[in-house]
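A look at the structure
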Amino acid sequence: MHLFIDADGSPRGYIAWYNHFTQSNLIRSIRPETRNGRFGVQRMEMLAIYFAIVDNIPILQSRIRKKRIVKGMRRKRNIVVSIRSDSKSTVEQLKGTCNIRDKMLFRTCERIGRLLKSISCNVAFNYVKRTNNMAGLLLERKARMKQEVKKV
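Residues numbered from 1 in each chain as written. Predicted model: local features only at pLDDT ≥ 70, side-chain atom pairs only at ≥ 80, totals over all residues. Heavy atoms only, no water.

Concerning the packing of aromatic side chains
- Applying the stated rule across the entire model yields 1 aromatic pair.
- Geometrically, the ring pair formed by Tyr50 and Phe51 is edge-to-face, given 5.2 Å between the ring centres and 75° between the ring planes. Each member of the pair, Tyr50 together with Phe51, is buried.
- The aromatic ring of Tyr127 is capped on one face by Lys88, whose charged end is 5.6 Å from the ring centroid. (Phe/Tyr/Trp six-rings, centres within 6.5 Å; stacked < 30°, edge-to-face > 60°. Buried < 20%, exposed > 50% of the residue type's maximum accessible area, 1.4 Å probe, protein only. Lys NZ or Arg CZ within 6 Å of the ring centre and 35° of its normal.)

Examining the layout of surface pockets
- Taken as a whole, the second largest pocket holds about 180 Å³ of empty space.
- It is helix 4 (residues 134-151) that provides the largest number of residues to the lining of the second largest pocket, a total of 6 residues. (1 Å grid on protein atoms, 1.4 Å probe; cavity = no way out; pocket = protein on both sides within 12 Å on 5 of 7 lines; lining within 4 Å. Points joined across faces, edges and corners; volume = space filled by probe spheres on them. Helix = DSSP H or I, 4+ residues; strand = E, 2+ residues; numbered from the N terminus.)

Some points on the environment of Leu94
- One can find Leu94 in helix 2 (residues 88-95).
- Along the backbone, Leu94 and Ile49 are 45 residues apart, and their C-alpha atoms lie at a distance of 9.8 Å.
- Not counting chain neighbours up to four residues away, the residues in contact with Leu94 comprise Met46, Ile49, Cys109, Ile112 and Phe125. (Contact = heavy atoms within 4.5 Å.)

Shown next, in the form of structure tokens:
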């Protein structure tokens, strides 16, 4: 079984995730990083992935329990969770192929690693284009709605 979760962060202080399996989503407002601050966008992207995992742990654990309960399965099928982001550098940092130069990013990445150890399923981090990231599209829609309200 393969589950897809899209995550995205905005320097305006919003993070979002979209779970393709349950077709559920969540947009959170957190204190925004300074706009031109160093690593600000990457921090928001990393936090979006962190909260996507935290918020979906109950769903993942229930899927794992259901897999264990089902008897008569001839072969074991692993649950693979694909966390997708439109930030290539964040995905590379989480995979370990790119260095992390910011302390806050490093701490968030370590927390994600500890979370993943507590979940008994395979997790893969994948890069996806911005146009295919449902969480990013949710954030864009929210920004447009906010601008329309300001105009009125």
